[in-house]
Each structure stands twice: as structure tokens, then as C-alpha cells.
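Geometric and topological summary
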Amino acid sequence: MARGRKVHGTAGLLVLLTAVAGWVDSVAYVRSGSVFVANQTGNAVFLAVQVAERWVPGVHDAGVLAGADTYGPFSSLLGFCFGVAVSVLPLRRSRRHGNGEPPWVLLAIEALLLASVIVLAAAPRELRLGVAAAAMGVQSVYAARVAMRGISTTTLTGTLVTLISTFAEEPGRHARKGITLLTLVWLAYTLGAWGGAAAGLTWSIGTVHGLAAMAVAMAAIAMWWDRRGQLRGGAGG
């Protein structure tokens, strides 16, 4: 399940983080010109389309091209990479202290980045996209550190493959639990995306990202409290 000592509420936390990814992904898509901040595969496709528009002879005559937008997907990709890079130091410190748990500090950083979008609501959309994508990069590192099979929280392709292939395994309680969790992850992203799209079309950029930041901040506090209790219990023992 998870590396090292079990963290309380890990499965539920990953479901929550997946819902947050769906939320901010759909907000970015409906409010910032069809760009993703979590699903970077989609941004890679958008950039590839732009390359085809500009450099493949005769493509303009086909009449099937999307609207030109290179800066949005590129800003998101760059921000995502920055978020992954920022996560390196907390991970190193975690390994240095010898515990196998993903540091709660990563969730705190993610919440701070999402909250920063509130201040940047009037800034150029490329900057907002980059900051939100950085938050998703941090989240992806956290999920990778937890390493639950088929769950990345920011993309669903692997989750779908694992969910379907699990049905082919021998029936049993473990398989049923895995199927249930993977189904919840899929639904969490879908419902999060639905809510994010609805909120993104009616609420301000600051409000929708503020709600996402609050959800992740509460998760960070819960993880910190759980870790604090484990340390106290170990000291008392």
C-alpha cells in the first residue's frame, strides 16, 4: 500500500486530492482558454497541435485547427515542473530523518500555491496557470511518494487501466477493496471537475482556488496532527 509506516487516512486523502485536481483542472479549462493544470498530457497535445499549425505545410488549409494558444499550455507545463522541483528538498529531509512517510509539508506547500492564485486573480493568466500547475506538481510528488497502485491523483489513465485489469484478478477482499478505492478516485476527479466547471463559470478565480487551498490546507493539518501523535506515542512507549 504505502511505503514505510502506514499513514492514517491515506486512501481518503488521495481521493480528496484527486477531487481537488479535477476541480482546478476544470476551472483552468473553462476560465483560462482550454488549458489543464493537472493533466499535463493534454497540454502536451495542445502544444503539439500548435507546432503542427505553424510548421507543417498545408495544415492551415485543412480547416480543422484549434485556436492558437502556445503560452497557456507552456506556462502550465513549466509551472508543473517547477512544483515537482520544489518538492525535492522536503523529500530529502524526510529520507534523512529515516521515516518512509511523505512529508505533510508538501501538502502545506500545495495549499500555499493554490492560495497564491487568489492574490494573482488579476495577473496575466499565464502566471495564474503556472502557479496552479506548480501546486499540482507538488501534489503529484506527494501521491508518488505514497505509491498506491494506480493512483496518481492528477491523471486518470493509469487509474482506469488498473481498475479494469483488477477485475481480471482472482476475487477476494483485497481485490474488492482495490476496485472500490479506484472507483472512488475516478468518481472524485469526475465530480471535482463537474463542481469546478460549475464554480468556475459563476464564481471568481480567487474564490474557486481559495476553496481548493482550504481543502488541501485542512489535509495538511490533519497529516501534521497525525504525525505529531505518532511521535508522541513513540516517545511515550
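Residues numbered from 1 in each chain as written. Predicted model: local features only at pLDDT ≥ 70, side-chain atom pairs only at ≥ 80, totals over all residues. Heavy atoms only, no water.

Remarks on the confidence of the model for the protein chain
Selection rule: Predictor confidence is given residue by residue as pLDDT, running from a minimum of 0 to a maximum of 100. By definition, any uninterrupted DSSP run of H or I lasting at least four residues is a helix, any uninterrupted run of E lasting at least two residues is a strand, and each is numbered from the N terminus. Only heavy atoms matter for contacts: two residues are in contact if any of them lie within 4.5 Å across the pair.
In the predicted model, the protein chain carries a mean pLDDT of 85, and 83% of its residues have values of at least 70. Per-element confidence in the protein chain ranges from a low mean pLDDT of 82 for helix α4 (residues 88-96) to a high of 96 for helix α5 (residues 105-119). Scored below 50 in pLDDT, residues 1-8 shows 24 contacts in the model against residues more than four places distant or in partner chains.

Quick notes on helix α3 (residues 71-86)
We apply this condition: Here the expected length of a helix is defined as 1.5 Å per residue gap, with one fewer gap than residues. Categorising residues by exposure relies on relative accessible area from a 1.4 Å probe, with only protein chains included: less than 20% of the type maximum marks a residue as buried, more than 50% marks it as exposed, and the intermediate range marks it as partly exposed. Starting at the helix axis, one direction is taken to each C-beta atom, and the arc is that of these directions.
The end-to-end C-alpha distance of α3 is 22 Å, a good match for the 22 Å that 16 residues give at a rise of 1.5 Å each. Buried within α3 we find G72, P73, S75, S76, G79, F80 and G83. Viewed end-on, α3 has its buried residues packed into an arc of 160 degrees, placing them on one side of the element. For α3, exposure combined with an orientation more than 90 degrees from the buried face picks out Y71, L78 and F82. Turning to α3, the residues buried within the fold contact α2 (40-55) and α6 (125-146).

Some points on the packing of aromatic side chains
Centre-to-centre distance and the angle between the planes together describe a pair of aromatic rings. We apply this condition: Aromatic pairing here means that ring centres of Phe, Tyr or Trp (its six-membered ring) are within 6.5 Å. Orientation follows from the plane angle: under 30 degrees is stacked, over 60 is edge-to-face, and everything else is tilted.
For the coordinates displayed, the defined rule picks out three aromatic pairs. Measuring from centroid to centroid gives 5.3 Å for Y29 and F36, while their planes differ by 25 degrees, and the two rings are stacked. The exposure class of Y29 is partly exposed, given its relative accessible area of 37%. With a relative accessible area of 18%, F36 lands in the buried category. Ring centres of F36 and F46 lie 5.7 Å apart, and the angle between their planes is 10 degrees; this geometry places the pair in the stacked category. One end of the pair, F36, is in the loop between α1 (10-31) and α2; the other, F46, is in helix α2, with ten residues separating them in the sequence. Judged by its relative accessible area of 24%, F46 falls in the partly exposed class.

Regarding α2
Taking 1.5 Å per residue, 16 residues should reach 22 Å; α2 reaches 22 Å between its end C-alpha atoms and fits that length. Of all the residues in α2, the buried ones are Q40, G42, N43, L47, Q50 and E53. Seen end-on, α2 carries its buried residues on one side only, within an arc spanning 150 degrees. Residues of α2 that are exposed and point over 90 degrees away from its buried face: T41 and W55. Tucked inside the fold, the buried residues of α2 contact α3 and α6.

Here's the deal with unusual backbone geometry
In this structure, S34 takes a positive phi of about 55 degrees despite not being glycine. By the element assignment, S34 lies in the loop between α1 and α2. Accessibility expressed as a relative area gives 32% for S34, which makes it partly exposed. Positive phi, normally seen in glycine, also occurs at T153, with a value near 75 degrees. Note on placement: T153 falls in the loop between α6 and α7 (157-166).

Re empty space enclosed by the protein
The line we're drawing: A 1.4 Å probe that fits but cannot get out identifies a cavity on a 1 Å grid over protein atoms alone, an open set with protein on both sides within 12 Å along at least five of seven lines counts as a pocket, and a residue lines either if it has an atom within 4 Å of a point. Grid points are joined across faces, edges and corners, and a volume is the space filled by probe spheres set on the points. For this classification, Asp, Glu, Lys and Arg are treated as charged, while Ala, Val, Leu, Ile, Met, Phe, Trp, Tyr, Cys and Pro are nonpolar and the rest, including Gly, are polar.
Under the defined criterion, the tally for this structure stands at two cavities of 30 Å³ or more. Roughly 70 Å³ of volume is contained in the largest cavity. In this structure, the largest cavity is lined by V24, V27, A28, S32, V37, V117, R128, L129, A132, I205 and H209. Of the residues contributing to the lining of the largest cavity, the split by class is eight nonpolar, two polar and one charged.

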